[in-house]
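Residues per chain, in single letters:
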Amino acid sequence: MRGVVAFVIAVAFAGAAHAQMPMPMPMGDMPMGQAPAPGQVLGPAVGKGEVTRIDEATGRLGIRHEPIPALNMATNMNMLFRLADPAMLTQVKVGDQVTFEAQREGAQVTIIKLQKAAP
Ligand SMILES: [Cu+2]
């Protein structure tokens, strides 16, 4: 397994070097912006955006959201959020406009309140 992982990383770096471009930022556990210091929690803060993904396997919700400076996310981005309550996954569908409250601890951003935006 280690060998496979090393191989995949080597190929990814080779590809990036060849293209003379940085590796693309993976969606999910690595939201852009500086993470708070260990143990420090940012927020909760209000955000809004559009649901892009319902990930039942991991219990996460993909949202393309507007900037949330209080959570060190200063640009629009499409990312996966943890959910304080897994039942939130069943309350929305892809394409819904939502508002939410989220807090950030390290790289993890967790939605603690989720609401469909008024049409
Ligand atoms: Cu974000």
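Described in the following lines is the structure provided in the data block. Keep in mind that what you see is a predicted model, and the values were worked out from it rather than measured.

Points about the side chain of T110
And then number 1: Take T110: it is sitting in strand 5 (residues 108–116).
And then number 2: Those residues in contact with T110, other than ones at most four positions away along the chain, are R82, L83, A84, E101, A102 and Q103.

A short note on the pairing of strand 3 (residues 77–83)
And then number 1: For strand 3, the tally of buried residues reaches five of seven residues, placing the bulk of the element in the interior.
And then number 2: Across five bridges, the pairing between strand 2 (residues 60–65) and strand 3 is antiparallel. From the neighbouring strand, L61 faces strand 3, where its bridge partner is F81.
And then number 3: Looking at chain direction, strand 3 and strand 5 are connected through two bridges and run parallel. Paired with R82 across the strands is T110, a residue of strand 5.

Details of the environment of G33
And then number 1: Tracing the chain through its elements places G33 in the loop between helix 1 (2–19) and strand 1 (41–55).
And then number 2: Judged by its relative accessible area of 47%, G33 falls in the partly exposed class.
And then number 3: As for G33 and A107, which are separated by 74 residues in sequence, their C-alpha atoms are 9.3 Å apart.
And then number 4: Once you skip the residues sitting within four places of it in the chain, G33 turns out to touch N72 and R104.

Examining the coordination of the copper ion
And then number 1: Taken together, the protein donors to the copper ion comprise H65 (NE2), M73 (SD), M77 (SD) and M79 (SD), at separations of 2.0 to 2.6 Å.
And then number 2: If you look at the copper ion, its four donor atoms make angles of 102 to 124 degrees with each other, and the shape they trace is tetrahedral.
And then number 3: Within one chain, the residues serving as donors to the copper ion are arranged as H-x7-M-x3-M-x1-M. Residue H65 is located in strand 2, and its partner M79 is located in strand 3; the two are separated by 14 residues in the primary sequence.
And then number 4: A relative accessible area of 1% places H65 in the buried class.
And then number 5: For M79, a relative accessible area of 2% gives the class buried.

Overview of the nonpolar core
And then number 1: The biggest cluster of nonpolar side chains holds 21 residues, and the ones touching the most others in it are L61, L71, F81, F100, I111 and L114.
And then number 2: Only strand 1, strand 2, strand 3, strand 4 (97–105) and strand 5 provide two or more residues apiece to this core.
And then number 3: Looking at this core, the element that brings in the most residues is strand 3, giving four residues.
And then number 4: Not counting residues up to four positions away in its chain, the partners in contact with L114 are L61, M88, Q91, V92, V98, T99 and F100.

Concerning the pairing of strand 1
And then number 1: Here eight bridges tie strand 1 to strand 4, and the two strands are oriented antiparallel to one another. Looking at strand 4, one finds that G47 is bridged to F100.
And then number 2: Examined bridge by bridge, strand 1 and strand 2 share six bridges and lie antiparallel to one another. Considered in strand 2, the bridge of R53 is made with G62.
And then number 3: Here strand 1 hands over to strand 2 after four residues, with G59 in that stretch at a positive phi of 70 degrees.

The rules behind each value
The residue numbers shown here count from 1 along each chain, following its written sequence. Local features in this predicted model are restricted to residues whose pLDDT is 70 or higher, and side-chain atom pairs enter the listing and the counts only when it is 80 or higher, whereas totals over whole chains, interfaces and linings include all residues. Only hydrogens and water are removed before side-chain values are computed, so all heavy atoms of the structure are retained for them. A run of H or I in DSSP counts as a helix once it spans at least four residues, and a run of E counts as a strand once it spans at least two, with each numbered from the N terminus. Between two residues, a contact is recorded if the distance between any of their heavy atoms is within 4.5 Å. Using a 1.4 Å probe on the protein chains alone, a residue whose accessible area is under 20% of its type maximum counts as buried, one over 50% counts as exposed, and one in between counts as partly exposed. Note on pairing: two strands pair once DSSP finds at least 2 bridges between them. Any N, O or S atom lying within 2.8 Å of the metal counts as a donor, with the limit raised to 3.2 Å for Na, K and Ca; because water is left out of the atom set, some sites can appear incomplete. All geometry calls rest on donor angles, where a four-donor set with angles between 85 and 135 degrees is tetrahedral, four- and six-donor sets with opposite donors more than 155 degrees apart and all others between 65 and 115 are square planar and octahedral, and all else is irregular. Residues grouped as a nonpolar core are buried Ala, Val, Leu, Ile, Met, Phe, Trp, Tyr and Cys residues, joined through side-chain atoms within 4.5 Å.

Remember that the coordinates give geometry; whether it matters functionally is a separate question.
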